[in-house]
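# Tertiary structure, described
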Amino acid sequence: MRCTTSSHSTLRPVNTNTMMRRRNIRVTEQLLGELDAKRYDSALTQRILAAPSALPRLLRACYLAQDHQYGSARADVDQALEVGRGNPVVELVAAMVLYATRDYQRALNQFESAAKLSPNAAHRAYQQIIGAAGSLGWEHDVRRALEAGIAAEPEDPTWHAQAVRFFVRGRYWQKALEHALRALELAPEASRMWMEAAGLHAQLDQREPAAAALARALANIPADQELAYRIEGARVAIDASDFETALACLNRAIELDPQDPEHHVKLAELRSWQGDDAQALAHTEQALALDREYAPAVRMQGALQVLAKRYDEAIATLRRAVELDPKEYQAHVWLSEAYLRTQRYDEAHAQLHNGTMNAGGFLFVAWLLRYLIVSYDEQTPPDAIIPARRTEEFDDVIRELCPALAEQCLSSRKDADIVAAVEAAMTALRGNRGIYATHVVNGELTRLHARTGCRHESRWVLQLLRVAPGDECMALYDPLVEKYPGSSLTYCHRGELKLWLGDYEGGKADLERAIAEVSGTRWAYIGLSTLGLVNGDYQYTLDINAKGIRVMNGTEGPAVYVYRGEAKRKLGMLDEAIPELEKSVQWHPARASGTINLALAYHAKGMLESFEPLWRRLRDEQASGLLSDAAYELDVTIVGDAGWEPATEVKVAVLEHALKMMGGNRSSGLLSYWTRDHKMRFVQLWPHSGHGPHEREHEHLEQAKRMLLKALAHYKGPRAV
């Protein structure tokens, strides 16, 4: 039959795509209504999901994950992938949901699968891997994702900008600078990156390039960010020994923000470093006039009192600064010095510890003060010969601050000569007790070239393992061994690194060499005891730890508890193991190996009420990535729907396997482990100082929903999936 129309109306054919889109919108609205009401298995929901489409099923998976129904969400992901694999949205969202369900390795595998589908999918997938792996502490996965992103989009400077931030967090300055310079090649007008490059040049003591990069950054400041640029510019200029620029930046900061006392304190510091205490006092008083409770200003007041040898007055002022801000590290250092000058040596020691812990950089002045405290407190005979290890942390510093006295004392090794050199070095520092050490050369304030000492530099290389491959870290130890001959620390730290990398014979050789150099290298004995744990010779672990304690005159460091505790647990000495492991967890809550061992000891003792909280803490907070990997390798499930728990024997098997994956690492600071496919990963420090792995989970799942809803609006039926 033929249709006819009147002159008053016209029937327009409806486009098939439009009809399909309207139908999709209607069905999607129906599904959303059911899911919002948590009717996940209603008849309507089941009817909608009966169609062979991945998108609606993934939408339910998102809701289920947000409702902590992780097992059900995971099952929906599996079904969605059966029909939707090859669709970038499906694969990306599937990975996001898998991450939310604590199925981390499968999530990363799925992101990598999505990356193969299209350039846009690759970009999003690599970014997702960076976020997911980074939140778990899996920094090597982050590094590989950055490398993949750069390879896929070599002309995009944002990848290099991310790499800069990544390597800066890992304190791998040279690598960060390489990426900063490449980013600037691609985007030469990026003033923020010029500032990054300037800071990295300064960190590496490359003063002329630092000054040039800083000038580029300050020449093109975004109008709404000038204050931030001036403040950062002052910091970078100080580190680069460009004090004229530093003063200019601080004076401009005062013009922009005259009510902030911080700028006056910074100017007071610079004047004090120059030896101009009158100007330093004037700026300090200006800062205090703005805020009498501003801890750095109170600290500056106390510092000037120390320099004026008004020690009792200084102690009262500096104690007030510490009360105002316990992390004001320079206040602790100045207070230590005031206690030293008044012969209150125990208090001086305590303040040095607090200052060092909060400094955020190499605080060599603490080592100078520590030497004086020990020498004066113990009344060391003037002609006593001091071993090299007592000064190796500040040898380069005193060579720069007082060359003649340094040469004399490092040659004679006599205590009296070393004390004279250290006191001269303290005088040369003038009013500087911070991490940016300076002295005056030919009337000009100058940044010290010495940036590190033996212990600090050796630990720095060890900590680079978080962001750098193991072979790169190993290569950096060779010049250190030559730079610090006779030091036990370089061998000890390299031996520790070898244990973490699985080179147990090499680790043993280095640790034994450390003891041969200095028999009182405490950690070398502890490191050797690791060999007994990984080789199953638990009595050896107990014996070598006992030997180390004897050598150290009966003193025990807190690290020994986890090693002894694990050995005793393995030997069935549970009544002795449990107190040891409880001490380990008390001293270092972040030491996951201690928590795992304690949980296993509780289980072996039948103390399930004590075991279960530790299991939940490890799985849900402290070591979620490690336990997820252990479960993945054992092909068991440890996270399901709300209220579900795996069998106790599964929990124990996962914990035992997790400890096995940690190999020779029982650290409290850098907790590494190996997967069966030879990937090194790390357990994030706990309690988390930043975002925990799932703090932004709701936001990420909402993003996944938006991706699905956008795709559903254009969905044309099963064939398009």
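Coordinates for the structure precede this section.
Residues numbered from 1 in each chain as written. Predicted model: local features only at pLDDT ≥ 70, side-chain atom pairs only at ≥ 80, totals over all residues. Heavy atoms only, no water.

Covalent bonding between the sulfur atoms of two cysteines is what defines a disulfide. Summed over the entire model, instances satisfying the criterion amount to zero disulfides. Its sulfur unpaired, C402 is 7.1 Å from the next cysteine sulfur, which belongs to C409. (Disulfide = S-S within 2.5 Å.)

A few words on the layout of surface pockets. Roughly 830 Å³ of volume is contained in the second largest pocket. Around the second largest pocket, the lining is made up of 32 residues, and of these R171, W173, Q203, L204 and R451 lie nearest the centre. Those elements that provide at least two residues to the lining of the second largest pocket are α10 (173–186), α11 (191–203), α13 (226–239) and α25 (454–463). With six residues, α11 is the largest single contributor of residues to the lining of the second largest pocket. Grouping the amino acids of the lining of the second largest pocket by side-chain chemistry returns 12 nonpolar, eight polar and 12 charged. (1 Å grid on protein atoms, 1.4 Å probe; cavity = no way out; pocket = protein on both sides within 12 Å on 5 of 7 lines; lining within 4 Å. Points joined across faces, edges and corners; volume = space filled by probe spheres on them. Helix = DSSP H or I, 4+ residues; strand = E, 2+ residues; numbered from the N terminus. Nonpolar A, V, L, I, M, F, W, Y, C, P; charged D, E, K, R; others polar.)

In this section: the pattern of salt bridges. For the coordinates displayed, the defined rule picks out 52 salt bridges. With its nearest N and O atoms 2.7 Å apart, the salt bridge here joins D510 to R494. Placement of the pair is D510 in helix α28 (residues 504–517) and R494 in helix α27 (residues 489–501), with a sequence separation of 16 residues. Pair check on accessibility: D510 and R494 agree, each one buried. K651 is the partner of E645 in a salt bridge, and the nearest nitrogen-oxygen pair spans 3.3 Å. Look at E645 and you get partly exposed, because its relative accessible area is 32%. Under the relative-accessibility criterion, K651 is labelled buried at 3%. Here the salt bridges do not stand alone but share partners, grouping D205, R207, D239, R447 and R451 into one network. (Salt bridge = Lys/Arg side-chain N within 4 Å of Asp/Glu carboxyl O. Buried < 20%, exposed > 50% of the residue type's maximum accessible area, 1.4 Å probe, protein only.)

Bridging between strand β3 (residues 671–674) and strand β4 (residues 680–683) involves four bridges; their strand directions are antiparallel. When the sheet's bridge partners are listed, Y673 is paired in β4 with R681. Here β3 folds back onto β4 in antiparallel fashion, the turn holding five residues, of which H678 has a positive phi close to 70 degrees. (Pairing = 2+ DSSP bridges.)

Once that is clear, we can look at the packing of aromatic side chains. Per the counting criterion, the structure on display carries six aromatic pairs. Ring geometry for Y371 versus F394: centroids 6.2 Å apart, planes at 80 degrees, classification edge-to-face. On the criterion of sequence distance, the pair formed by Y371 in helix α21 (residues 364–378) and F394 in the loop between α21 and α22 (395–401) is long-range, its members being 23 residues apart. Overall, the relative accessible area of 0% leaves F394 in the buried class. Here the aromatic cluster, defined as three or more aromatic residues joined through ring pairs, consists of Y99, Y104 and W138. (Phe/Tyr/Trp six-rings, centres within 6.5 Å; stacked < 30°, edge-to-face > 60°.)

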